[in-house]
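# Architecture and fold: a report
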Amino acid sequence: MPNFYFTFGSNPAYPFGRDDYVKVTAPNLGEAVRLFQEHHPNRPGSNLVNCAFWYTEEEFNKFRDEHYPGREPIEVLVCHA
C-alpha cells in the first residue's frame, strides 16, 4: 500500500507542530484522509482536515531531507482494509 504524509503549520490548533509529520499507509488518498480524521478529527464547526497539507510519498520525498532532516514521523497510521 502507498504512503501518504500529513504536515502541520505553525497554528497551535493543529495536533502537532510544523516540524512534525504523520505517515499514513492506506490503499488511496481518500482512505488515508479518513484514517487521519479518525485519529485527529476536524476542528469543531469545520469541514477542513486538521492539518496544513498532505502529500503522496513521491511529493513528500522531494523536500523531506530539506524540511525534516533525520526526523521520523511523529505518528504512523496503517489502514487494515
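Details of the structure are given in the entry above.
Small disclaimer: the values here were computed from a predicted structure and weren't measured. (Residues numbered from 1 in each chain as written. Predicted model: local features only at pLDDT ≥ 70, side-chain atom pairs only at ≥ 80, totals over all residues. Heavy atoms only, no water.)

## Focus: the overall build of the protein chain
Note the cut-off: Secondary structure elements follow DSSP: runs of H or I of four or more residues count as helices, runs of E of two or more count as strands, with numbering from the N terminus. The quantity called the radius of gyration is restricted to C-alpha atoms. Its globule counterpart is 2.2 Å times the number of residues to the power 0.38. When accessible area is computed with a 1.4 Å probe and restricted to protein chains, residues below 20% of their type maximum are described as buried, those above 50% as exposed, and intermediate ones as partly exposed. In this description, contact between two residues means that some pair of their heavy atoms is separated by no more than 4.5 Å. Charge counting treats Lys and Arg as positive and Asp and Glu as negative, with His and both chain ends excluded. In plain terms, the charge of a residue is placed at NZ if it is Lys, CZ if Arg, CG if Asp and CD if Glu.
Helices and strands together make up the secondary structure of the protein chain, namely 3 helices and 4 strands. Written out in order from the N terminus, the α and β elements of the protein chain read β-β-α-β-α-α-β. For a compact globule of 81 residues, the expected C-alpha radius of gyration is about 12 Å, and the protein chain comes in at 12 Å, within 12% of that figure. Looking at the protein chain as a whole, 33% of its 81 residues qualify as buried. Within the protein chain, residue pairs in contact and separated by at least 24 positions form 63% of the contacts whose partners lie at least 6 positions apart. For the protein chain, the distance from the average position of its 7 positive side-chain charges to the average position of its 11 negative side-chain charges is 3 Å.

## Examining the sheet that holds strand 3 (residues 53–56)
In sheet architecture, strand pairing relies on hydrogen bonds along the backbone and comes in two forms, parallel and antiparallel. To keep it simple, the criterion reads: Only strands joined by at least two bridges in the DSSP assignment are considered to pair. Each axis is a line fitted through C-alpha atoms, and for a helix only the stretch in contact is used; angles between axes span 0 to 180 degrees, taken between their N-to-C directions.
Read across the open sheet, the 4 strands follow the order 3-1-2-4; overall the sheet is mixed. Of all the strands in the sheet, just strand 3 and strand 4 (75–78) have a single pairing partner and so form its edges. The mean inter-strand angle of the sheet, taken between neighbouring strand axes irrespective of direction, is 20 degrees. Pairing of strand 1 (residues 3–7) with strand 3, which is carried by 4 bridges, proceeds in the antiparallel orientation. Pairing of Phe-6 across the sheet is with Trp-54, part of strand 3.

## Some words on the packing of aromatic side chains
What counts is decided by this rule: Under the pairing criterion, centres of Phe, Tyr and Trp rings, with the six-membered ring standing for Trp, must be within 6.5 Å; the plane angle then separates stacked pairs below 30 degrees from edge-to-face pairs above 60, leaving the rest tilted. Should the NZ of a Lys or the CZ of an Arg lie within 6 Å of a ring centre and within 35 degrees of the ring normal, that charge is described as sitting over the ring.
In total, this model carries 14 aromatic pairs according to the counting rule given. Summarising the aromatic geometry, the rings of Tyr-21 and Phe-60 are spaced 4.9 Å apart at their centres and angled 50 degrees between planes, so their arrangement reads as tilted. Within this pair, whereas Tyr-21 is found in strand 2 (residues 21–25), its partner Phe-60 is found in helix 2 (residues 57–61), the two being separated by 39 residues in sequence. Within the aromatic cluster, the residues linked to one another by ring pairs are Tyr-5, Tyr-21, Phe-53, Tyr-55, Phe-60, Phe-63 and Tyr-68. Over the face of the ring belonging to Tyr-14 we find Arg-43, whose NZ or CZ atom lies 4.7 Å from the ring centre.

## Observations regarding the nonpolar core
Rules: Residue types Ala, Val, Leu, Ile, Met, Phe, Trp, Tyr and Cys, when buried and joined through side-chain atoms within 4.5 Å, form a set referred to as a nonpolar core.
Formed by 15 residues in total, the largest nonpolar core has its most connected members in Phe-6, Phe-8, Val-22, Val-24, Ala-32, Phe-36 and Cys-51. Within the residue set of this core, elements represented by two or more residues are strand 1, strand 2 and helix 1 (29–39). Per-element accounting of this core gives the leading share, 4 residues, to helix 1. Tyr-5, Tyr-21, Tyr-55 and Tyr-68 belong to the second-largest nonpolar core, a separate cluster that totals 6 residues.

## Let's talk about helix 1
Selection criterion: The arc in question is the one spanned by the directions pointing from the helix axis to the C-beta atoms. Counted as a polar contact is a pair of N or O atoms within 3.5 Å, where, for protein atoms, one must be capable of donating a hydrogen and the other of accepting one, and residues adjacent in sequence contribute only when both atoms are in side chains.
For helix 1, the set of buried residues is Ala-32, Val-33, Leu-35 and Phe-36. For helix 1, the buried positions fall inside an angular range of 165 degrees around the axis, keeping them on one side. Where the residues of helix 1 are buried, they touch strand 1, strand 2, strand 3 and strand 4. Among the residues of helix 1, the N-terminal cap falls to Asn-28, whose side-chain oxygen and the backbone nitrogen of Gly-30 are separated by 3.1 Å.

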